[in-house]
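# Per-entry structural report
Here is how the chains run, residue by residue.
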Amino acid sequence: MDILFNLIKDYFLKELETKDSKYRQNLSTLILDYLDKTEDGSFTLNVKGFNNTYQRMHTFKGAITESFEKFVNPFDMDNTDLNVLDICSGLGYNSAALIEEFSNKFNNSNNNDLNNPKLHIDMVEISPWILSVGLLIPSPIKSHEIIKKVIEDKLIENGVLSLNLEKGPIPENIYLKLFCEDVRVAIKKLPSNRYDGIFLDPFSPDLCPELFTVDFFIQLKRIIKDNGVLMTYTSSAPVRSGLIEAGFYVGEGPIFGKKTGGTIGSLSLSKIKNNLPENDERLIALSDLGIPLRDLNLDLSSDIILNNRKEERMSARSNYKISSAVKTPIFLGKDIGDEKLKRRVLKNLNQMNILSLSSKKAIFLVSPQNSDDNLNFISNSKDRIKKMAENLQELINISSKSVQEF
């Protein structure tokens, strides 16, 4: 990726020096050798990630299709003006897909009662060079040409480019603002209770943990409307637990390109259509896997955030959280035919003074998930997870007082 970005810098500098459009035109062809073409024909970018492995920005099943499936489709658009925050807007696909859907729904409608709804999108991307790739790639849909114009204007404003080559007109009822800075800085300048939707699309929590912390989510809670919806592609346990700790209801998002769905968050339970899978709830509530990422002042490095969570997990394991090894909590109240696996699970449970899979303690821990238990059953993932975590803490308190199995 460094080679690609250096190539872009060189050609942009030549444009600045010569005011000749040929350099950008030639670059648009050259960069395709550094990109991956996905199954729907749209392009994506590989970046260096955790442990020197490379992460693709989008699923190989289709980059622009992913934007529709995981971000736009779960977002209910009504007849009112809409405000959306696109975090880590990258190549601009998510905002382009939203504009495309909005335009198809409202601009082409013959319904005079729509009162000319308006779409406001605030895009945030820290890297001018990733934005540059978004400017240079072939547009996968017509609305991406609008995004290209916004990117070009920002790069010219920042002194990276000099020529206005993008001519795509921006519709009168669509308003876009692009922030090229760390979103942890930008978010503090955004007004409270503003956004109907938030697209949270950083690289993975391993590569970009600073945008998946409880403390960052608390800022998202501040700026999202009470009935707003947050969409993200990841199903990561610490991300979901962090959203819950920040005050969001959570549910599973659409499945596309992976075996698991993304995550939907909202302050309104009515916006959550699908609960999290039962096993995911247990791992978040009861095991060290559910320890969230933290960044109290929104200023820590990725390495420090990840290391702090690692230390917190080690401290929690078998002390106030069940070990996540072999996904121990998912077996509570169930039979295990594999004797080797059963011994490992029971070893982890015994460390928490839970003597068997079918003990009263084991059943008590997961009772909020038991739909046959009218007294304890809870119907949504957020409150189930919180109650199971409370049940575990109650058992720990009982054990610390040397009270016998109840």
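A brief report on the enclosed structure follows. (Residues numbered from 1 in each chain as written. Predicted model: local features only at pLDDT ≥ 70, side-chain atom pairs only at ≥ 80, totals over all residues. Heavy atoms only, no water.)

## Brief notes about the overall build of the protein chain
Each helix and strand counted, the protein chain has 14 helices and 11 strands in total. In terms of overall size, the protein chain behaves like a compact globule, its C-alpha atoms giving a radius of gyration of 24 Å where 406 residues would be expected to give roughly 22 Å. Seen along its three principal axes, the alpha-carbon backbone of the protein chain occupies a region of about 80 × 55 × 40 Å. Put simply, the protein chain has 406 residues, and 53% of those count as buried. (Helix = DSSP H or I, 4+ residues; strand = E, 2+ residues; numbered from the N terminus. Rg over C-alpha atoms; globule rule 2.2 N^0.38 Å. Buried < 20%, exposed > 50% of the residue type's maximum accessible area, 1.4 Å probe, protein only.)

## A look at the pattern of salt bridges
All told, the structure shown has 23 salt bridges when counted by the stated rule. Here Asp-280 makes a salt bridge to Arg-240, at a shortest N to O gap of 2.9 Å. Residue Asp-280 is found in helix α10 (residues 278-286), and its partner Arg-240 is found in helix α9 (residues 237-246); the two are separated by 40 residues along the sequence. Between Arg-294 and Glu-312 there is a salt bridge, and its shortest N-O distance comes to 3.1 Å. Within this pair, whereas Arg-294 is found in the loop between α10 and α11 (302-316), its partner Glu-312 is found in helix α11, the two being separated by 18 residues in sequence. Here Glu-312 falls in the partly exposed class, since its relative accessible area comes to 21%. Taken together, the shared-partner salt bridges connect Glu-15, Arg-24, Lys-149, Glu-152 and Asp-153 into one network. (Salt bridge = Lys/Arg side-chain N within 4 Å of Asp/Glu carboxyl O.)

## Section: the packing of aromatic side chains
Summed over the entire model, instances satisfying the criterion amount to five aromatic pairs. Taking 5.0 Å as the distance between ring centres and 65° as the angle between the ring planes, the aromatic pair formed by Phe-102 and Phe-106 counts as edge-to-face. Taken together, the residues span about one helical turn, with Phe-102 and Phe-106 both in helix α4 (residues 93-107) at a distance of four residues. In this structure an aromatic cluster arises from ring pairing among Phe-71, Phe-75 and Phe-199. Geometry around Tyr-11 places Lys-14 over its ring, the cationic atom sitting 5.0 Å from the centre. Between the NZ or CZ atom of Lys-382 and the centre of the ring of Tyr-249, over which it lies, the distance is 4.3 Å. (Phe/Tyr/Trp six-rings, centres within 6.5 Å; stacked < 30°, edge-to-face > 60°. Lys NZ or Arg CZ within 6 Å of the ring centre and 35° of its normal.)

## With respect to the nonpolar core
Counting 112 residues, the largest nonpolar core has Ile-87, Phe-216 and Leu-220 as its most contacted members. Excluding residues that lie within four positions of it along the chain, Leu-220 makes contacts with Ile-87, Ile-187, Ile-198, Leu-200, Leu-230 and Phe-248. (Core = buried A, V, L, I, M, F, W, Y, C linked by side-chain atoms within 4.5 Å. Contact = heavy atoms within 4.5 Å.)

## Brief notes about the sheet that holds strand β6 (residues 119-124)
Taken in spatial order, the seven strands make up an open sheet running β7-β6-β5-β8-β9-β11-β10, and their pairing is mixed. The sheet is open, and its two borders are formed by β7 (174-179) and β10 (249-252), each paired with just one other strand. Put simply, the sheet's adjacent strands are angled 15° from each other on average, direction ignored. Across three bridges, strand β9 (residues 224-232) lies against strand β11 (residues 263-266) in antiparallel orientation. Note that in β11 the partner of Met-231 across the bridge is Ile-264. Together, β9, β10 and β11 form the strand contacts of α9, whose direction differs from that of β10 by roughly 150°. (Pairing = 2+ DSSP bridges. Axes fitted to C-alpha atoms, helices over the stretch in contact; angles between N-to-C directions.)

## Some points on helix α5 (residues 128-136)
Among the nine residues that make up α5, eight are buried, leaving the element largely enclosed by the rest of the structure. Trp-129, Ile-130, Leu-131, Ser-132, Val-133, Gly-134, Leu-135 and Leu-136 are the residues of α5 that are buried. Looking at the packing, one finds that the buried side of α5 touches α1 (2-18), α2 (22-30), α6 (144-157) and β7.

## A short note on the packing of helix α8 (residues 214-223) against α9
Between α8 and α9, the least distance of the axes is 8 Å, while the angle of their chain directions is 50°. With respect to α9, the element α8 is oriented oblique. In the packing of α8 onto α9, the handedness of the crossing is right-handed. The segment α8 lies against α9, with Val-214, Phe-217, Ile-218 and Lys-221 engaging Val-239, Gly-242, Leu-243, Glu-245 and Ala-246. When grouped by side-chain class, the residues that make up the contact of α8 with α9 number six nonpolar, one polar and two charged. (Parallel < 35°, antiparallel > 145°, perpendicular 65-115°, else oblique. Left-handed = near helix turned anticlockwise from the far one by under 90°. Nonpolar A, V, L, I, M, F, W, Y, C, P; charged D, E, K, R; others polar.)

## What to know about the pairing of β10
Across the two faces of β10 the burial is the same, with Tyr-249 and Gly-251 and Val-250 and Glu-252 all buried. When β10 meets β11, the two strands line up antiparallel, connected through four bridges. Within β11, the position partnered with Glu-252 by the bridge is Thr-263.

## A few points about the environment of Leu-267
Locating Leu-267 in the fold gives a position in the loop between β11 and α10. With a relative accessible area of 21%, Leu-267 lands in the partly exposed category. Through-space distance from the C-alpha of Leu-267 to that of Val-250 is 8.8 Å; in sequence the pair is 17 residues apart. Aside from chain neighbours lying at most four places away, what touches Leu-267 is Lys-221, Ile-224, Lys-225, Asp-226, Gly-228, Gly-247, Phe-248 and Tyr-249.

## Digging into unusual backbone geometry
In the Ramachandran plot, Leu-298 falls in the positive-phi region, its phi being about 55° despite a non-glycine side chain. Its place among the elements puts Leu-298 in the loop between α10 and α11. Judged by relative accessible area, which is 9%, Leu-298 ranks as buried. Unlike most non-glycine residues, Val-326 shows phi in positive territory, near 50°. Among the secondary structure elements, Val-326 is positioned in the loop between α11 and α12 (339-350). Given a relative accessible area of 24%, Val-326 falls into the partly exposed group.

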